[in-house]
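Working through the structure, step by step
Spelled out, the chains give:
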Amino acid sequence: MNAYAETIPLVPGEIRLACRFCSLYEFCWPPGLDPEPLRRLRAIVRRSEALPAGSVVFRVGDQFTAIYAVRNGCIKSCSVDAGGHDLVHGFHLRGELFGFDAAYPDQHRCNAQVLETTSLCVVPFIEIDRLGAELQSLHARIRRLMSREFTRQRMCGAGYGAMQRVAAFLINIYDRLHRPDSSQYRFRLPMPREDIASYLSISAETLSRQLARLQKMKLVSVDRRNIRLIDPTRLGLVAQGVS
């Protein structure tokens, strides 16, 4: 993906408001930075054009050139097994970063594929290096962002039973999609069940059975991709293996 459609304007309040939940917010709007360095910092962040479902941002073996933030939509990180099937390693939702796994050894180790119409913010890494030589706090800020995203993308319930994994996944996605100004326990899964099953290392049939079980227990309501958490507290206990 080489489409950097525009440079983000520096100051407009509506842009800053739209960015307030993004993981790059503290990068693009660092507190205490003088206006001129701030202008230069914001100038290196690009927006992509809208990318349709099925588009590939980068592939295994591509050179590492940038860090990406999802403005809207959803990206999956995946590789392909010997049988030609996707092995899903993670999902990247609105406001989240991806692509930094290739910082060493400068090559991507997975594919990044668009699951639904998505637009991105793109930060060319060579520009970060150049600016970082002048702004000493910049590299530390980026390392902090990367560490936070690694934690956020942790595997849900690896080593646990199927129902625990599914419960943990639903809570994880809700937490990542939820906004502080919303009290709703409803959300839409932007990824298909086949990808969720691959991510959780279970079959699609097992995933469907576990969702049905959670629904029968009156913990969730499932309508295709639309999810409502009926009893988040009990669902959290299931995710922890507490019956």
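Here, every reference points to the structure presented above.
**Points about the nonpolar core**
The biggest cluster of nonpolar side chains holds 32 residues, and the ones touching the most others in it are Phe169, Leu170, Met191 and Leu214. Listing elements by their share of this core, those giving two or more residues are β5 (86–92), α6 (162–177), α7 (193–200), α8 (204–216), β9 (220–223), β10 (226–229) and α9 (232–239). What Leu214 contacts, discounting residues up to four positions off in sequence, is Met163, Val166, Ala167, Leu170, Leu219, Val220, Leu235 and Val238. Counting 18 residues, the second largest nonpolar core, distinct from the first, contains Ile44, Ile142, Leu145 and Met146.

**Here we look at the packing of aromatic side chains**
Applying the stated criterion to the full structure yields nine aromatic pairs. Taking 6.1 Å as the distance between ring centres and 70° as the angle between the ring planes, the aromatic pair formed by Phe91 and Phe169 counts as edge-to-face. Here Phe169 lies in helix α6 and Phe91 lies in strand β5, a separation of 78 residues in the sequence. Side by side, Phe91 and Phe169 carry an identical accessibility label, which is buried. Between Tyr174 and Tyr185, the aromatic rings sit 5.4 Å apart at their centres with planes inclined by 25°, giving stacked as the arrangement. With Tyr174 in helix α6 and Tyr185 in the loop between α6 and β8 (186–188), the pair connects residues that are 11 residues apart, well separated along the chain. What makes Tyr185 partly exposed here is its relative accessible area of 37%. Here the aromatic cluster, defined as three or more aromatic residues joined through ring pairs, consists of Phe58, Tyr68 and Phe98.

**As for the pairing of strand β7 (residues 111–124)**
Within β7, 11 of the 14 residues are buried, leaving the element largely enclosed by the surrounding structure. Sheet analysis places strand β3 (residues 56–58) next to β7, joined by two bridges and oriented antiparallel. Along β7, the bridge assignment pairs Val56 with Gln113. Summarising the sheet, strand β4 (residues 66–80) and β7 pair through 11 bridges and their orientation is antiparallel. Bridge pairing in β7 places Ser77 opposite Ala112.

The rules we used
- Residues numbered from 1 in each chain as written.
- Predicted model: local features only at pLDDT ≥ 70, side-chain atom pairs only at ≥ 80, totals over all residues.
- Heavy atoms only, no water.
- Core = buried A, V, L, I, M, F, W, Y, C linked by side-chain atoms within 4.5 Å.
- Buried < 20%, exposed > 50% of the residue type's maximum accessible area, 1.4 Å probe, protein only.
- Helix = DSSP H or I, 4+ residues; strand = E, 2+ residues; numbered from the N terminus.
- Contact = heavy atoms within 4.5 Å.
- Phe/Tyr/Trp six-rings, centres within 6.5 Å; stacked < 30°, edge-to-face > 60°.
- Pairing = 2+ DSSP bridges.

These figures capture arrangement, not role.
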